[in-house]
Amino acid sequence: MRDWRRVKERIFLAVTSILAMVAVAPLFHIIASVAIRGGGVLYRAGLDFLTSQPAPPGSSMLGGIGPALLGTLWLALLTSAIGIPLSVLTAVFIVEFKDHPLARLAKVFTSSLLEIPTVLIGMLVFLTIVSMMGHYSLLAGSIALAIVMLPYTVSYVERAMEEVPRTYREAGYSIGMTRSQVVFDVVMGIARRGVAAGVVIGLAKIVSETAPLLFTIGSARSSYPMSMKDVFEPGDAVPLLIFQFAQTPYQNWQDLAWGAALILTVIVLALFAAMKLIVREVHL
Amino acid sequence: MDLVEVRVSRLNVWIGGKHILKDVYLKASPGSVTAVMGPSGSGKSTLIRVINRLIDLVPGARVEGEVLLGGINALREDPYIVRRLTGMVFQEPNPFPHMTIYDNVAIGPKLHGLARSRRELDSIVEWALKKAHLWDEVKDRLHDYPYQLSGGQKQRLSLARALALKPRVLLLDEPTANIDPVSTTKIERSIMEYAKEAMATVLIVTHTPQQAARISDQILFIYQGRVVEYGPTRELVLHPKNSLTRKFLGGEV
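Model, not experiment: these values are computed from the prediction.

K.L.:
Give a description of the interface of chain A and chain B that names residues and reports values.
P.N.:
Reports of interface size often rely on the accessible area that becomes lost once the parts have come together. If you look at the interface, chain A gives 23 residues, while chain B gives 26 residues. Considering only the surface of chain A that becomes buried against chain B, A:Glu170, A:Ser174 and A:Ile175 emerge as the three largest contributors, covering 28% of it. Between the two partners, chain A and chain B, sit one salt bridge. Notably, a salt bridge pairs B:Arg49 with A:Glu170, separated by 2.8 Å at the nearest N-O pair. Counting the contacts that link chain A with chain B gives six residue pairs in polar contact (both at pLDDT 80 or more). Listing elements by their share of the side of chain A that touches chain B, those giving two or more residues are helix H7 (166–174) and helix H8 (179–190) of chain A. In terms of residues, the side of chain A that touches chain B owes the most to one element, H7(A), which gives eight residues. Residue classes in the side of chain A that touches chain B are distributed as nine nonpolar, eight polar and six charged.

K.L.:
Break down the pattern of salt bridges for me, with residues and values.
P.N.:
Enumeration according to the criterion identifies 28 salt bridges over all chains in this entry. In this structure, B:Glu174 engages B:Lys44 in a salt bridge whose closest nitrogen and oxygen atoms are separated by 3.7 Å. Taken together, the positions of B:Glu174 in the loop between strand S7 (169–173) and helix H7 (181–197) and B:Lys44 in helix H1 (residues 44–51) put the pair 130 residues apart, joining distant regions of the chain. Side by side, B:Glu174 and B:Lys44 carry an identical accessibility label, which is buried. Note that B:Arg49 and B:Asp173 form a salt bridge whose closest N and O atoms lie 2.8 Å from each other. Of this pair, B:Arg49 sits in helix H1 while B:Asp173 sits in strand S7; the two residues are 124 residues apart in sequence, bridging distant segments of the chain. Overlapping salt bridges bring together A:Arg166, A:Glu170, B:Arg49 and B:Asp173 as one network.

K.L.:
Account for the side chain of B:Thr245, with residues named and values stated.
P.N.:
Residue and element names in this part refer to chain B. Its place among the elements puts Thr245 in helix H10 (residues 243–249). What makes Thr245 buried here is its relative accessible area of 0%. For Thr245, the contacting residues outside a window of four places in its chain are Phe221, Val228, Glu229, Leu236 and Pro240.

K.L.:
Lay out the environment of B:Lys130 with the relevant residues and their values.
P.N.:
Residue and element names in this part refer to chain B. Secondary-structure assignment places Lys130 in helix H4 (residues 118–131). Its relative accessible area of 42% is what places Lys130 among the partly exposed residues. Between the C-alpha atom of Lys130 and that of Arg156, which follows or precedes it by 26 residues, the distance is 10.0 Å.

K.L.:
I'd love a proper account of the nonpolar core, names of residues and values included.
P.N.:
Within the largest apolar cluster, 63 residues are counted, with the highest numbers of intra-cluster contacts made by B:Val6, B:Leu11, B:Leu47, B:Leu69 and B:Leu203. Element by element, the count of residues in this core is highest for H8(A), at six residues. Core analysis: the second largest hydrophobic core is formed by 41 residues, B:Leu121, B:Ile124, B:Ala195 and B:Ala198 among them.

K.L.:
Account for the sheet that holds strand S10 (residues 226–232) of chain B, with residues named and values stated.
P.N.:
Residue and element names in this part refer to chain B. Judged by pairing direction, the sheet is mixed, and its six strands sit side by side in the order S6-S7-S8-S3-S9-S10 without closing on themselves. Taken across any chain shown, the strands that pair with only one partner, and hence form the sheet edges, are strand S6 (86–89) and S10. The mean inter-strand angle of the sheet, taken between neighbouring strand axes irrespective of direction, is 15°. Relative to S10, strand S9 (residues 218–223) runs antiparallel, the two sharing six bridges. Within S10, the residue paired with Tyr223 across the bridge is Arg226. On top of the sheet, H1 reaches strand S3 (33–37), S6, S7, strand S8 (201–206) and S9; it is set at about 150° to S7, its chief contact.

K.L.:
Describe the sheet that holds strand S5 (residues 72–73) of chain B, and please don't skip the residues or the numbers.
P.N.:
Residue and element names in this part refer to chain B. The four strands lie next to each other as S2-S1-S4-S5, forming an open sheet whose pairing is antiparallel. On the outer flanks of this sheet lie strand S2 (18–28) and S5, each paired with one strand and no other. Sheet analysis places strand S1 (residues 6–15) next to S2, joined by seven bridges and oriented antiparallel. The residue bridging Trp14 from the neighbouring strand is His19, located in S2.

K.L.:
Which residues make up unusual backbone geometry, and what values do they have?
P.N.:
The bulk of non-glycine residues show a negative phi, and the bulk of peptide bonds are trans. Residue and element names in this part refer to chain B. Unusually for a residue other than glycine, Met199 sits at a positive phi of about 50°. Looking at where Met199 falls in the secondary structure, it is placed in the loop between H7 and S8. Exposure remark for Met199: the relative accessible area of 33% places this residue in the partly exposed category. For Gln224, which is not a glycine, the phi torsion comes out positive at approximately 50°. Along the polypeptide, Gln224 turns up in the loop between S9 and S10. With a relative accessible area of 52%, Gln224 lands in the exposed category.

K.L.:
Account for the pairing of S8(B), naming residues and giving values.
P.N.:
Residues and elements named next belong to chain B. With six of six residues buried, S8 lies mostly within the body of the structure. Both faces of S8 are covered, namely the face carrying Thr201, Leu203 and Val205 and the face carrying Val202, Ile204 and Thr206. The sheet contact formed by S3 and S8 spans five bridges and is parallel. Paired with Ala35 across the bridge in S8 is Ile204. Crossover connection from S7 via H7 to parallel S8: handedness right-handed.

K.L.:
Explain the side chain of B:Lys154 to me, using residue names and the numbers behind them.
P.N.:
The topology assignment puts B:Lys154 in helix H6 (residues 151–163). Although buried, B:Lys154 forms no salt bridge, and the nearest oppositely charged side chain, B:Asp180, lies 11 Å from it. Contacts of B:Lys154, omitting those with residues within four sequence positions, involve A:Leu284, B:Pro93, B:Pro95, B:Pro146, B:Tyr147 and B:Leu149.

K.L.:
Explain the packing of aromatic side chains to me, and be specific about the residues and the numbers.
P.N.:
Summed over the entire model, instances satisfying the criterion amount to seven aromatic pairs over all chains. When the ring of A:Phe245 is compared with that of A:Trp253, the centres are 4.1 Å apart and the planes differ by 10°; the resulting orientation is stacked. Relative to B:Phe248, the ring of B:Phe221 has its centre 4.9 Å away and its plane inclined at 35°; by these criteria the two rings are tilted. Here B:Phe248 lies in helix H10 and B:Phe221 lies in strand S9, a separation of 27 residues in the sequence. Taken together through their ring pairs, the aromatic side chains of A:Phe126, A:Tyr136 and A:Phe215 make up a single cluster. The lysine or arginine in question, B:Arg161, covers the ring of B:Phe96, its NZ or CZ lying 4.6 Å from the ring centre. Over the face of the ring belonging to B:Trp127 we find B:Lys166, whose NZ or CZ atom lies 4.4 Å from the ring centre.

Reading the values: the criteria
Residues numbered from 1 in each chain as written. Chains lettered and ligands numbered in written order. Predicted model: local features only at pLDDT ≥ 70, side-chain atom pairs only at ≥ 80, totals over all residues. Heavy atoms only, no water. Contact = heavy atoms within 4.5 Å. Buried area = accessible area lost by both parts, 1.4 Å probe. Salt bridge = Lys/Arg side-chain N within 4 Å of Asp/Glu carboxyl O. Polar contact = N/O pair within 3.5 Å; in protein donor to acceptor, adjacent residues only side chain to side chain. Helix = DSSP H or I, 4+ residues; strand = E, 2+ residues; numbered from the N terminus. Nonpolar A, V, L, I, M, F, W, Y, C, P; charged D, E, K, R; others polar. Buried < 20%, exposed > 50% of the residue type's maximum accessible area, 1.4 Å probe, protein only. Core = buried A, V, L, I, M, F, W, Y, C linked by side-chain atoms within 4.5 Å. Pairing = 2+ DSSP bridges. Axes fitted to C-alpha atoms, helices over the stretch in contact; angles between N-to-C directions. Right-handed = clockwise from strand over helix to strand, strands pointing away. Lys, Arg positive; Asp, Glu negative; His and termini not counted. Phe/Tyr/Trp six-rings, centres within 6.5 Å; stacked < 30°, edge-to-face > 60°. Lys NZ or Arg CZ within 6 Å of the ring centre and 35° of its normal.

Rendered as structure tokens:
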């Protein structure tokens, strides 16, 4: 009888581990093929890959993703400038004014934003900002991305703030702190790891988003945005380049897409690593 | 040094429609320690949260009656002014975990501009940590974070944070409930010394009659939100008038 139990235990272990492997296999496949194929491309193109423009389609040359990379950096910067304060303040409002009808509305609104396909957000910005300006721009893309970022960052920051034990708020008030001092110096200070995680998750999400950019930035594949005034002009972004180049029949453009995919993966991983390094954990 | 007497009269508090405090009164004088004693759930914590207006943070709380801190009507005054006069130590040790030991004590004086120079701030921090009988244990690691301290040390750090503002009224909500005996003794000593030296008015919530007997000058015994007995410590402990008080002192309530 005892042997049968042991056999059952073994079978169970085998079945669950096989299922687990089935579940993570695609992830490994993606990472491995991006690393191998993208790595090969990067090795062939060298540092030029990060700075040059894409070579003409079908050419034997590769070129690079310089404009798209620069565009993505600008998008990340602008989206952070719009999205981070907006998300953090929205989270503060939701947590601090829990019983206010507007706070409840904001909570419902941000969580339903999560369910809206991001391509619709791109279309919304197209119908408003882009048609108002008369052309595509990095700014329009950033506004779309900031809306995409909002629900992710809000819900993370909100949860991080909620997890700070009430007694620290009381302690803050007891020494005569104002509400904003309690929120920003005490609650945010204690929750900083969670707040930073929310920001990084939002950033990771938006640097790899494609759909909101389809109708907003205009894939200007040869322009190098250098100053603030270029923000009002069309630009390119790494995920958009991947999406568009991967669909073409040209070998050199497909290769660029593989290389760009590796770069994008590295950027996202670097964001998480930087957050872990920079923001010290708070031990309660 | 202004002396701030605490006077509470006809205090009624409801939280979410539930009547928590019923016609509570007390008078605590500068230089004395008043123990607010009673079984858990009797409204003791609520009472001291009314005095420094932390009750404002409790959703659905309604307060009626009068609380005077010297010449200040605490229920009508700006809560930030009330909290500037009062200091508080909580049941759970709660030094700010994201600040160093030094910063935990320095934050109050910095907030209210009490120090004009770094040296002055240093001396306030040292003074407060000494008053809380913690200085010797932390003087070599002022820039460490509090998570490395024991529970009792954390509680003394919380006390030092409150003392650094030299509060005229010191409120303590069962400060030694979860603390080791050595720290308990040190905290009790600090409390008594601070009351005498600074002529401060001290109110301490406790659920142990022994602690009330050790450190207080007068005891307010509350049961189910009502004052049952109120008087000088010696008298109340040795000759309790009310049968409920007798039972509580005997550990039966």
